[in-house]
Amino acid sequence: QVQLVESGGGLVQTGGSLRLSCVVSGSIYIISSMNWYRQDPGKQRELVAGISRGGSTNYADSVKGRFTISRDNAKKTVYLQMNSLNPEDTAVYYCHVVERDHNAAVLVHWGQGTQVTVDS
């Protein structure tokens, strides 16, 4: 029922910028945190950035000062503005949403992933 639709990935030159978007659709009780993960082929998925419902943010050290995560609670959308991209940022980026249901149980939802490629 719940789906995460991502957009904004693509090919960019070193030093360029991209803005990823993830829209949550379907029935959901309340969205807690919204996050972005990334994964290179054969590598472990890592947390890039996260944002709480109240707007508190968390970033991986490798992207601090370059990436900005934001959310629009009314639109149920999370964004990732990526600046000063370098080849090490090349990965599939996944939207991740943490839901609290009416019993306060934790549910997680994943997007399909969007490819970000940064050339040298």
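One structure accompanies this document, and this report is about it.

The rules behind each value
- Numbers given to residues run from 1 along each chain, matching the order in which its sequence is written.
- Thresholds applied to this predicted model are a pLDDT of at least 70 for local features of residues and 80 or more for the giving and counting of side-chain atom pairs; totals over whole chains, interfaces and linings are not thresholded and use all residues.
- Only hydrogens and water are removed before side-chain values are computed, so all heavy atoms of the structure are retained for them.
- Our working definition of a disulfide is a cysteine sulfur pair at a distance within 2.5 Å.
- Only DSSP runs of H or I reaching four residues or more are called helices, and only runs of E reaching two or more are called strands; each is numbered from the N terminus.
- Accessible area is worked out with a 1.4 Å probe on protein chains only. A residue is then buried under 20% of its type maximum, exposed over 50%, and partly exposed in between.
- In short, DSSP must find at least two bridges between two strands for them to pair.
- A fitted line through C-alpha atoms represents every axis, and for helices the fit uses only the stretch in contact; the resulting angles, taken between N-to-C directions, go from 0 to 180 degrees.

**Points about the state of the cysteines**
(1) Moving on: Applying the stated criterion across every chain, the model contains one disulfide.
(2) Moving on: One disulfide bridge connects C22 with C95, the sulfur atoms lying 2.1 Å from each other. Measuring handedness by torsion sign, the sulfur bridge of C22 and C95 sits at about -85° and is left-handed. With C22 in strand β3 (residues 18-25) and C95 in strand β9 (residues 91-100), this pair connects stretches of sequence that are 73 residues apart. Both residues of the pair, C22 and C95, count as buried.

**Here we look at the pairing of β9**
(1) Moving on: The element β9 is extensively covered by neighbouring structure, given that eight of its ten residues are classed as buried.
(2) Moving on: Relative to β9, strand β4 (residues 30-39) runs antiparallel, the two being bridged by eight bridges. Of the residues in β9, the one forming a bridge with Q39 is V92.
(3) Moving on: Alignment of β9 against strand β11 (residues 114-119), held across three bridges, turns out to be antiparallel. Across the sheet, residue Y93 finds its bridge partner in β11, namely T114.
(4) Moving on: For β9 and strand β10 (residues 106-110), the ladder comprises five bridges, and the chain directions are antiparallel.

**Observations regarding the sheet that holds strand β8 (residues 77-82)**
(1) Moving on: Read from one edge to the other, the open sheet built from four strands follows the order β1-β3-β8-β7, with strand pairing classed as antiparallel. At either margin of the open sheet sits one strand with a lone partner, and together these are β1 (3-7) and β7 (67-72). Sheet twist, expressed as the average angle between the axes of neighbouring strands with direction ignored, equals 15°.
(2) Moving on: Where β7 meets β8, six bridges bridge the pair, whose relative direction is antiparallel. When the bridges of β8 are listed, F67 appears paired with M82.

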